[in-house]
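Listed here are the chains, written in short residue letters.
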Amino acid sequence: MKIAIRLAAVAAACLCSSVAFAQAQDFSKVEIKVTKVAGTVYLLEGAGGNIAASVGEDGIVIVDDQFAPLADKIRAALKSVTDKPIRFIINTHYHDDHTGGNLPLHDATIVAQDNVRKRLASGGTGGNGSSLKFESKPSPKEALPIITFSHDVTLHVNGEDINALHAPSGHTDGDSIVFFTQSKVVHMGDDFVTYGFPFVDIAAGGSVRGMIKALESALARLPPDVKVIPGHGPLSTLDDVRAYVKMLKDTLAAVSKELKAGKTLEQLKQQKVLSPWQRYSGEFVNSDLFIETLYNDLTGKKSDAPPIKHN
Ligand SMILES: [Zn+2]
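Residues numbered from 1 in each chain as written. Predicted model: local features only at pLDDT ≥ 70, side-chain atom pairs only at ≥ 80, totals over all residues. Heavy atoms only, no water.

> Can you walk me through the sheet that holds strand S6 (residues 86-90) in this structure?
Strand pairing in a sheet relies on backbone hydrogen bonds, with the paired strands running either antiparallel or parallel. Read from one edge of the open sheet, 7 strands run S2-S3-S4-S5-S6-S7-S10, paired in mixed fashion. Since the sheet does not close on itself, it has two edges, and those belong to strand S2 (33-38) and strand S10 (147-149), each with one partner. The sheet shows a mean angle of 20 degrees between the axes of neighbouring strands, direction not considered. Looking at chain direction, strand S4 (residues 51-56) and strand S5 (residues 59-63) are connected through 5 bridges and run antiparallel. Pairing of Ala53 across the sheet is with Ile62, part of S5. Strands S2, strand S3 (41-45), S4, S5 and S6 of the sheet are contacted by helix H3 (residues 71-79), whose axis makes an angle of about 145 degrees with S3. (Pairing = 2+ DSSP bridges. Helix = DSSP H or I, 4+ residues; strand = E, 2+ residues; numbered from the N terminus. Axes fitted to C-alpha atoms, helices over the stretch in contact; angles between N-to-C directions. Contact = heavy atoms within 4.5 Å.)

> Would you take a moment to explain the pattern of salt bridges for this structure?
Between side chains of opposite charge, a pair can form when the charged atoms approach closely. The final tally for this structure, using the stated rule, is 11 salt bridges. Between Glu45 and Lys33 there is a salt bridge whose closest N-O contact spans 3.8 Å. Within this pair, whereas Glu45 is found in strand S3, its partner Lys33 is found in strand S2, the two being separated by 12 residues in sequence. Lys33 sits in the exposed class, given a relative accessible area of 51%. Note that Asp250 is salt-bridged to Lys246, the shortest N-O span being 2.7 Å. Taken as a pair, Asp250 and Lys246 lie in helix H7 (residues 238-260) at a separation of 4 residues, close to a single helical turn. Looking at Asp250, the relative accessible area reads 27%, which means it is partly exposed. (Salt bridge = Lys/Arg side-chain N within 4 Å of Asp/Glu carboxyl O. Buried < 20%, exposed > 50% of the residue type's maximum accessible area, 1.4 Å probe, protein only.)

Read these as geometric descriptors, not functional statements.
Shown next as structure tokens:
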């Protein structure tokens, strides 16, 4: 989720629906840029989360599908590299800047972790547990993943073993990190982004500690020369991911130390506890919003979102 950026900047506490986010953007101006990454994998950048596409003799597998109004442009962009159809869509998580294309592209088979389907089906409140909040509406059944998995799944297409591995509590509780094994490309979903401090959807089961865990296990399993597609931002490397993990750990430790000294959330903001990491303070998630996120994560404050039933 990054689409809230501009709206959040003008009214961080505003309760905007994801539909409102979508309406606030002029999708007619968006162009989809296609870049070959490695092996069978292309990167598609438009508006919303990055799309990875594996293209080969078996057809197309895409990871994430941005917003519904962009579906025709996404199809046209893919046509520039192949005449084959989109056969599978993997959703890295439920946010509508990554799943909005599910409905118009649903003649493909949609695959995601169990919690993505649950959250798309139910709709609900997402946010950092404090001032960053949004509502999403229940999705129609055609837009829901029809194959779901609890831990991981592998698609065997285009000579690739495309492995989607669940990160139980990172950006949300339904995240997948998707590794194109033969091409050596990974799509990190929103567990790794380049827009500064991350948005962690604490209301939807996300956590900073879980995000660190997910990224550390990805760092341990991925080959050193893997090309990294962030959820948002330009193509990156494992060194970029390492620097990001260090920032997450250091900011978590800084807030944790102050909490142990008895500081309140307001005091943490007043004393600007994250000032050493000021360069990560973005227009979407600024220092104060990330202090709230770390505070809510460490204190177990989960916001007023209704709990989702887990199996
Ligand atoms: Zn997201």
